[in-house]
Each structure stands twice: as C-alpha cells, then as structure tokens.
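Structural overview for review
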Amino acid sequence: MTKYVNKGGFIFITLICNLVFGSILEFSNKPVALATAHTAVGGDVYSLYTNPAGLYGGRKFDLKIDLAAGWSFTGDILHNVNQIIDSAQKYEQIREAQQQGRPINITQLAAFFNGIKNLLDISQPGKGVIAQFNGGVGVKIKSFAFSVRNFTDIGLKPLIDDNFFLGSVNVSTPTSSAPNLVRSLFFSGNTSGGVVITTDTAPADPELIQARNKLKNNVVPWVINELEKLGVQIPQEVKNNPEGIANALINLAVQQNVSKQEIIDAVNLLAEREFQDFISGYLNRIHQQAQSFSDNNSGVIFRGINYTEIAFGYSHKFFDRLLIGGSLKYFIARTLYYHLKVFQEEEELEADFLRETISKRLAKTYTAFGLDLGAIYKLPIPVVETNVGLVIKNLIEPTFDIEDTREKIKIPRQAKLGVSGTLWKRITLGIDYDLNKVETLVPGYDVQNIAVGLQLDPPILPTLRLGYLRNLQQDNDFLYTAGLGIKILLLNIDIVGALRPEEVRMKEGSSPFPSSAVVGLTLGMRF
C-alpha cells in the first residue's frame, strides 16, 4: 500500500500511528485481562495503577515488568481512509493540473468531490484510530510500591480548509494567469501535457456512451448550476453544450488510459442525488477564494505527548476493615504539535519521513506532579470476601503546554467505583464503573466504562482471567478480555489479550482483522 503514500494519501499514514488518552493499557496487564475491574481487588503491585489502597496485604514482594500494544478503529473511519487512499493519486494529478493550467478528466473530478466528502466525514466527532503502547516496571514491598513507565499518546485532528479556489474566472479564457478548478474542468484545446480534449466525438464504447448520457443529463447541469451560484462566469456556449462537456471529460480519461469501469464508477458516484446534495451543501458554505490546491491548508494536526511516569504508592489499614492509599506521581513529558499540510508538502509522505518529522517536533521537556487517592472497605460478609473500592486517579490533573500554540494537554481526572467478591480464595468476580467520562485526544471520542472481570485460580492449573468492558459514551464500543497466569517456581508469566470481534478490512477483498485488539506480556516474581 505504500504506493498510495504520497502528497494526496496523507490520511492513511497519519491514522495508523495515533494514540490517545483513555487507553485501558494505563492500568497495566493483569487489570486489562480483568477488563480493568480491579478497583476493589488488592494484594499486588497492580494496585499502584488501579487503586493504591489495594497495596496493603498480599505478598511481601511483587515485581512486574509489563509490555503491551493494541489498536482500535473508531467511527467507521476505515471507510473514509480507504476512499481517500483510492483518490490519492488523482489528487496529485489535480494538483499538477491546477499548477500547469491543464484539464482534468471525469475520474479526477469525482475524486475531488469524493475526497472533500470523506475529508469532512473524517473530521466528524468520534472518528479516529487508537494505537496503544505501554511499557514499564513496578515493584511492591509490603505496603509500599514504586514504578517507572513510559507512554506515548498522540491524537489526530483533521483540519479542513474550505478555501479551494473556485474563483469567478471566465472559462473561455484559458490563458488567465491564475490556475483554478473551473478552467481545469472546462478548458479545451491543446494543453501543456499534449492532450487534446475533443467535445464533438462521442466515446467509442457503448457502455461509455451510456455513461456519457448519464453525465450529460444528471451531472453536467448540476455542476454548472453549482458553479454559477458561486459567481463563476460560464459562457453560454459552454452551458448549451452539456453533451460536449460530457464527451470531453470521458474522452480525456480514455486518452489517459483510465479503465472503463473506473470511468463508469466515477459517473455513477457524481450522479447520485444524495452525493450531489452533500456537495451542494458544502459549496454553499464556502466563498470565492483566489487559492489553488497548492495553497490550501487542509491536512492533519498531530497533538500529543510522550511522558515518563514515576510513581510512589503506600497503603495503610484503619479500623480492621478500611484501607486508605495514595500514589504520588512525577511526570517528565514532551508535547507535540505538528500541522501536516497535504497540498503544500514537498517531501514524499512515507513512514520514515513522518517518524523523523514528528520526533523533531517534540517540544521542550515539561514536568508535573499527579496524585491518586483510593479506599477499599472490606464488608463483613461470611464465606465470600467482599470489598468495595473507590479511587480518584489524577486528582491533581497534570497539564502541559503545547509549544507555539495556546492549547494544552491534560491528563484527565477519573473517579471509579468497584466491588469484588472472592470465594474460597479461588474465584474472584469484580465489577467497576467509571463515575465520570474522560475526553481523549480524538475529538468527540469520550470514554466512560463499565467493566466485569472474573479470575479463576485453581491450585495446579494456570490462573485464568476473563472480562467484558463497555464504553457507555459510544455505540458498539466494547472489548472482551482474557489472560493466562503461569507460575514456574518464583517466576510468574502473564499473557494478556483483548478483542472486539467486529471485523474491518483495509480494503475490499483484503483479509479481515478485529476492529479493536490488545496483546500484552508480563514477567514477574513474587514471594
């Protein structure tokens, strides 16, 4: 797919490398296996990440090294991405046509309008890609704990510049100095590329004649009408010759070796009434601007942060049943802001270019403190050991400036309530509920979860963990989670996974993969 990664195919690269706050991986691997239902569960180093009150009790020494990664596609964004990838090469051809005063064919015209639609769709709230990475080490000694972990959180914010040039230039004067979409659409004659647009010769193929007729009757009058509403001066001889315009658009595509099916698909798209209504609404919102594609600011804004979190936690027991704990966190962070302008980039937008460009734009280092406070109360219920837990994470919300902008990135405060029950020390069921929603770096994608986790701990076999996580702020946003704990003497190995089984595809006909997935591995030692 790298052949599509050029100045027009910017969205694909940017989407596959986005990370946002709200990731379940911030709770680390065992809680992830339990769908993060760990607020009322204690006794191990993971309580430092979920509820520091749980650090009391359990083993005297617990060491864990975690690595995890995952992804999630939100808001049906892959459909928009694939549409833009398919149009990427045509965008470049339109850009060159505008700069050189050359004409565009029917497939490029369809790509222009379809690209606008999908760019606007991508900018809608809730659309994004979450790629999650987390790694660190934590150690618990009695009721004290210490950890060092690193995170990278990058969010995507599409920026749509409405100022595509549709200036009021008389299209009968192709020698006008300002290149624009109108002249590229209607200009006929000898072009700098050596292609001659013929308006009086019908396509030779019968299927293309049918496409020409649909273009003549359903598309060309609509395009002319929309351009005139914007003040574009179109000569009467052009308006009176819709068949000639349709011939020209199709003949040019044939001369440029565009396939017959691609031409037919482009005509069918432009002839759809719903599609025309969408584009008409868009054109009615923009004004005449003397700006070509090469001056357009449409693109993607990267906003993000890379930070190392150093945490110290402690828990104390009060009145036999009440545990109170806290975690003081120190953040060393660098923020990121980068506006990638698709029509103005001179470099090819390949993976190495983006990686180097983003790394260079990580701003100066910032520091901040954070604080987690939590409590667990052990209910006096016989047979089943029952706990109720409450935690407020990031009570002091660390906030970091984004250099050269007025924006800030905040690690958000989150309150969670949980209950857990343990039977015979072998079966533990936990339920957690987020008391508030958390904003992410994908605009419009908020997180507020309810989670259920089950742990089975047989005396000989590996520990089995299962969970279900549901985001109450989004439709059809959930995860099934699982984990396997293997004990070899003092060594503990945890294998973690999470999955939303809904399938997505990178393109039609390609192999499907889950829309959300997480994998993780933990090596530990406890006694």
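Residues numbered from 1 in each chain as written. Predicted model: local features only at pLDDT ≥ 70, side-chain atom pairs only at ≥ 80, totals over all residues. Heavy atoms only, no water.

1. What about helix H10 (residues 260–271)?
Note that an α-helix has 3.6 residues per turn; residues three or four places apart therefore point the same way. The end-to-end C-alpha separation of H10 is 17 Å, in line with the 16 Å expected for 12 residues at 1.5 Å each. The set of residues buried in H10 consists of Ile263, Ile264, Ala266, Val267, Leu269 and Leu270. (Helix = DSSP H or I, 4+ residues; strand = E, 2+ residues; numbered from the N terminus. Expected span 1.5 Å × (residues − 1). Buried < 20%, exposed > 50% of the residue type's maximum accessible area, 1.4 Å probe, protein only.)

2. So, the environment of Thr36
Structurally, Thr36 is set in the loop between helix H2 (29–33) and helix H3 (47–50). Along the backbone, Thr36 and Ala451 are 415 residues apart, and their C-alpha atoms lie at a distance of 6.6 Å.

3. Focus: the nonpolar core
Grouped together as the largest cluster of nonpolar side chains are 27 residues, with contacts concentrated most on Ile106, Phe113, Leu215, Ile250, Ile263 and Leu270. When residues of this core are assigned to their parent elements, the largest contribution, 8 residues, is made by helix H7 (residues 206–229). Aside from chain neighbours lying at most four places away, what touches Ile106 is Leu215, Leu249, Ile250, Ala253, Ile263, Ala266, Val267 and Leu270. Grouped together as the second largest cluster of nonpolar side chains are 11 residues, Ala333, Ala368, Phe400 and Ile411 included. (Core = buried A, V, L, I, M, F, W, Y, C linked by side-chain atoms within 4.5 Å. Contact = heavy atoms within 4.5 Å.)

4. With respect to unusual backbone geometry
A negative phi angle characterises most non-glycine residues, just as the trans form characterises most peptide bonds. One non-glycine residue with positive phi stands out, namely Lys425, at about 60°. Mapped onto the elements, Lys425 comes out in the loop between strand E10 (414–423) and strand E11 (427–434). Residues other than glycine seldom take positive phi values, yet Leu489 does so here, at roughly 55°. Following the sequence through the fold, Leu489 ends up in the loop between strand E16 (478–488) and strand E17 (491–504). You can call Leu489 exposed: its relative accessible area is 85%.

5. A closer look at the pattern of salt bridges
As enumerated under the stated definition, the model contains 18 salt bridges in all. The partner of Lys260 in a salt bridge is Glu207, and the shortest N-O contact between them spans 2.8 Å. Of this pair, Lys260 sits in helix H10 while Glu207 sits in helix H7, placing them 53 residues apart in sequence. Given a relative accessible area of 32%, Lys260 falls into the partly exposed group. In this structure Glu207 comes out as partly exposed when scored by relative accessible area, which is 40%. For Lys416, the salt bridge goes to Asp434, with nearest N and O atoms at 2.7 Å. Of this pair, Lys416 sits in strand E10 while Asp434 sits in strand E11, and the two are 18 residues apart along the sequence. Residue classification places Asp434 among the buried residues on the basis of a relative accessible area of 1%. A single salt-bridge network, built from bridges that share partners, covers Asp205, Glu207 and Lys260. (Salt bridge = Lys/Arg side-chain N within 4 Å of Asp/Glu carboxyl O.)

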